Amino acid sequence: MIKLAPSILAADFSKLGEEIKKLDEAGADIIHIDIMDGNFVPNISFGLPVVRDIRKYTKLPFDVHLMIEEPSKYVEQFAKIGADIISIHYESDKHIDRTLNYIKSLGVKAAVAINPGTPTTVLRDLMNIADMVVIMSVNPGFGGQKYIDYSYDKIREIKSYADKLGRDILIEVDGGVDKDNIKKVKDAGANVIVAGSAVFKNGDIKKNIELLKGSM
Ligand code: DX5
Ligand code: ZN
């Protein structure tokens, strides 16, 4: 089954609890949580205390996307406050194999993300251990950007590596997905699809989620 993972980056932060409840009621499968440090990416979102406080608003899995330098310093704290999946960037960790194994040892699913400019080949070995791969289809840092077209090929490449390995790995696509391209993203091989602005636009979360799911 293809899972839809709304990104709360596009939510109204003054009422984040309510927004998460709405996502849950509207049929979201996973809550995608973008953590930005103003260093790895040119933007700052929010951090640990916010994630801790919103945990009580839903039982849906929390998919924490760490767009930060030295993610290994923080994964234990995110695991403790209720992350179910933690994604770290290939580009931000010198010892990514170690950190992925560390995340798994904390009882959390471990994911590795790559920026648009990073080729999928760097993931081949890591796919032996990662539970999920994240193909960034925009340059990370901001919501509402345009989907980068060459990402379809990258999704297909990852799908073919996963098939060859025979591992039931999650393939997440993050950035610029909307009702017009979601089917193509799914058909390329994605099974977890992130959507921020497409879920929150015009304030009608329920209708937007229905539309996205219906367009797959
Ligand atoms: C980008 C974030 C994405 C983003 C998706 O840095 O990692 O998760 O919020 O938002 P949209 O769907 O608006 O591109
Ligand atoms: Zn993200």
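Named according to an unreviewed UniProt entry, the protein is Ribulose-phosphate 3-epimerase originating from Clostridium felsineum. As stated in UniProt under Sequence similarities (unreviewed entry), the record for the protein gives "Belongs to the ribulose-phosphate 3-epimerase family." According to UniProt, the comment filed for the protein under the heading Pathway (unreviewed entry) is "Carbohydrate degradation."

A. Structural view of helix H8 (residues 205-215). Turning to H8, its buried residues are Ile205, Asn208, Ile209 and Leu212. On an axial view of H8, the arc spanned by its buried residues comes to 95°, and they lie on one face. Away from its buried face by more than 90 degrees, H8 exposes Lys207 and Gly214. Looking at the buried positions of H8, the neighbouring elements they touch are strand E1 (3-6), helix H1 (16-25), helix H6 (182-188), strand E8 (192-195) and helix H7 (197-200).

B. Molecular detail of the coordination of the zinc ion (ligand 2). Summarising the metal site, the zinc ion (ligand 2) is bound by the protein donors His32 (NE2), Asp34 (OD), His65 (ND1) and Asp174 (OD), whose distances to it range over 2.1 to 2.3 Å. Each of the six donor atoms around the zinc ion (ligand 2) contributes to a set of angles spanning 70 to 172°, which defines the coordination as octahedral. Counting along the primary sequence, the residues that act as donors to the zinc ion (ligand 2) give the motif H-x1-D-x30-H-x108-D. Its relative accessible area of 0% is what places histidine 32 among the buried residues. For aspartate 34, a relative accessible area of 5% puts it in the buried group.

C. Spatial organisation of the layout of surface pockets. Approximately 270 Å³ is the volume attributed to the largest pocket. For the largest pocket, the lining is made up of 25 residues, of which Phe142, Gly143, Gly144, Gly175 and Gly176 are closest to its centre. Contributing elements (two or more residues each) for the lining of the largest pocket: strand E2 (31-36), strand E3 (62-67), E8 and H7. Class assignment for the residues of the lining of the largest pocket results in 12 nonpolar, 10 polar and three charged. Size it by volume and the second largest pocket reaches roughly 210 Å³. For the second largest pocket, the full set of lining residues is Glu69, Glu70, Pro71, Ser72, Ser92, Asp93, Lys94, His95, Arg98, Thr99 and Tyr102.

D. The arrangement of the pattern of salt bridges in detail. Inspection of the entire model under this criterion finds 12 salt bridges. One salt bridge connects glutamate 19 with lysine 22, and the closest N-O pair in it is separated by 3.9 Å. In this pair, glutamate 19 and lysine 22 are both assigned in helix H1, three residues apart and thus about one turn of the helix distant. Relative accessible area serves as the criterion here: at 34%, lysine 22 is assigned to the partly exposed category. Ionic pairing is found between lysine 73 and glutamate 70, a salt bridge with its closest N-O pair at 3.5 Å. Look at the salt bridges and you will find they share partners, linking Lys183, Lys186 and Asp187 into a network.

E. Region of the structure containing the site of ligand 1. Of all residues adjacent to ligand 1, which total 20 residues, the nearest are Gly141, Gly144, Asp174, Gly196 and Ser197. Within the backbone of glycine 141, an N or O atom sits 2.7 Å from an oxygen atom of ligand 1. Between ligand 1 and glycine 196, the relevant distance is 2.7 Å, taken from an oxygen atom to a main-chain nitrogen or oxygen of the residue. In isolation ligand 1 has 380 Å² of accessible area, and contact with the protein removes 99% of it. Mapping ligand 1 onto the cavity grids shows that it belongs to the largest pocket. When contributions to the shell around ligand 1 are tallied by element, the ones reaching two or more residues are E2, E3 and E8. With three residues, the single largest contributor to the shell around ligand 1 is E2.

Conventions adopted
Residues numbered from 1 in each chain as written. Chains lettered and ligands numbered in written order. Predicted model: local features only at pLDDT ≥ 70, side-chain atom pairs only at ≥ 80, totals over all residues. Heavy atoms only, no water. UniProt positions renumbered as here; feature names shortened; annotations may be inferred. Buried < 20%, exposed > 50% of the residue type's maximum accessible area, 1.4 Å probe, protein only. Helix = DSSP H or I, 4+ residues; strand = E, 2+ residues; numbered from the N terminus. Arc of directions from axis to C-beta. Contact = heavy atoms within 4.5 Å. Donors = N, O, S within 2.8 Å, 3.2 Å for Na, K, Ca; no water. Tetrahedral: all angles 85-135°; square planar, octahedral: opposite > 155°, others 65-115°. 1 Å grid on protein atoms, 1.4 Å probe; cavity = no way out; pocket = protein on both sides within 12 Å on 5 of 7 lines; lining within 4 Å. Points joined across faces, edges and corners; volume = space filled by probe spheres on them. Nonpolar A, V, L, I, M, F, W, Y, C, P; charged D, E, K, R; others polar. Salt bridge = Lys/Arg side-chain N within 4 Å of Asp/Glu carboxyl O. Near = heavy atom within 4 Å. Polar contact = N/O pair within 3.5 Å; in protein donor to acceptor, adjacent residues only side chain to side chain. Areas by Shrake-Rupley, 256 points an atom, 1.4 Å probe, with all protein chains shown as cover. Sits in = over half its atoms within 2 Å of the grid points.

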